[in-house]
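# Architecture at a glance
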Amino acid sequence: MTGSPQSRFRIDGKVAAITGGGGLLGYQHARAIMSAGGIPLLLDIDEKQALEKAKLLSDTFSGECYGYYSDITDKKNVQVICSQLTDQFGSVEILINNAANDPKVTEKPGEKPWSRFEHFPENIWDLDVAVALKGSFLCSQVFGSEMANRRKGVILNIASDLGIIAPDQRIYRKNGIADDMQPVKPVTYSVVKHGIIGLTRYLATYWADTGVRVNALCPGGVYNCQPPEFVRKLTNLIPMGRMAEVDEYQCAVIFLVTDASSYMTGSVLNIDGGRTCW
Ligand SMILES: NC(=O)c1ccc[n+]([C@@H]2O[C@H](COP(=O)([O-])OP(=O)(O)OC[C@H]3O[C@@H](n4cnc5c(N)ncnc54)[C@H](O)[C@@H]3O)[C@@H](O)[C@H]2O)c1
């Protein structure tokens, strides 16, 4: 092992592409990268969000952070953005596959909630799988292959506690509604989050001898002003008795993308207040 333990948590000048970088956690991952000396690149289909968050981060840290339009479900687009970034920065050494759809579980009075499995819409299945699974596959293929050629790189896949356990549908229940009208957590969320862990293990072993490490982080739910009744039901399922604060994954991200985790690949790190123990 070279360098002091502290120095192994640094990534000074290294470039990290973060998919869904304009969203809630993408911004937090970017903060983590910047506080370790790296340069985050926020790739998002919502270009405005990516640009705004990148500006906010650059101003806050007086450092480099850039936002880009990118649709990770489109291979051509991923190839173009990868070569643009490689031209601009020399290489992209870190990829955080973070983008995923997580539609809120809601229902309209009298209407069968769209999320119920029996009539789950095919178009939503296709879109959710395209963003989280195909998107992670394409970004890993395009950025990861470059890393493997250079014999150095780190991929961090953002899964979820729901990549480990099934959703407890009781927490989404509403009083006074028939069972077949109750909203549920969409099947796609479970499928893509379990799938991303499969992709992690596949790539960790596939690229094990190339210097590319691939790990997954499974965050639990982040408190984001959800209704108090929902928060109460969810926190009953969490041994620590609370949801995560939005910045509580930053240290884990730094650990997983730096040499601090140099002997770690194919691992799945749960940070969920203990939820997956129960
Ligand atoms: N927020 C939580 O409580 C929580 C908990 C566990 C896991 N996660 C996971 O963390 C990740 C980030 O979650 P979040 O809460 O920040 O979500 P978010 O909805 O705030 O951000 C997701 C981002 O992905 C972008 N995106 C969607 N489709 C895209 C595409 N085709 N190409 C590029 N970008 C696209 C969206 O525009 C959005 O900015 C997700 O994988 C989510 O499943 C979140």
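Preceding this section is the structure that the text describes.
Predicted model, so just to flag it, every value in this text is computed and none were measured.

### A closer look at the pairing of strand β5 (residues 153–158)
Among the six residues that make up β5, six are buried, leaving the element largely enclosed by the rest of the structure. On β5, burial covers both faces: G153, I155 and N157 on one face and V154, L156 and I158 on the other are all buried. Pairing of strand β4 (residues 94–97) with β5, which is carried by four bridges, proceeds in the parallel orientation. When the sheet's bridge partners are listed, I94 is paired in β5 with V154. Two strands pair when backbone bridges link them, and β5 and strand β6 (residues 212–219) are joined in this way by six bridges, in the parallel orientation. Directly across from G153, in β6, lies its bridge partner V212. As a crossover connection, the stretch from β5 through helix α5 (residues 187–206) into β6 is right-handed.

### Section: the pattern of salt bridges
For the coordinates displayed, the defined rule picks out twelve salt bridges. Put simply, R275 and D161 hold a salt bridge, and the shortest N to O gap is 3.6 Å. Of this pair, R275 sits in the segment after β7 (268–271) while D161 sits in the loop between β5 and α5, and the two are 114 residues apart along the sequence. According to the relative accessible area criterion, R275 is buried, its value standing at 7%. Residue D161 is classed as buried on the basis of its relative accessible area, which comes to 6%.

How each quantity is defined
- Residues numbered from 1 in each chain as written.
- Predicted model: local features only at pLDDT ≥ 70, side-chain atom pairs only at ≥ 80, totals over all residues.
- Heavy atoms only, no water.
- Buried < 20%, exposed > 50% of the residue type's maximum accessible area, 1.4 Å probe, protein only.
- Helix = DSSP H or I, 4+ residues; strand = E, 2+ residues; numbered from the N terminus.
- Pairing = 2+ DSSP bridges.
- Right-handed = clockwise from strand over helix to strand, strands pointing away.
- Salt bridge = Lys/Arg side-chain N within 4 Å of Asp/Glu carboxyl O.

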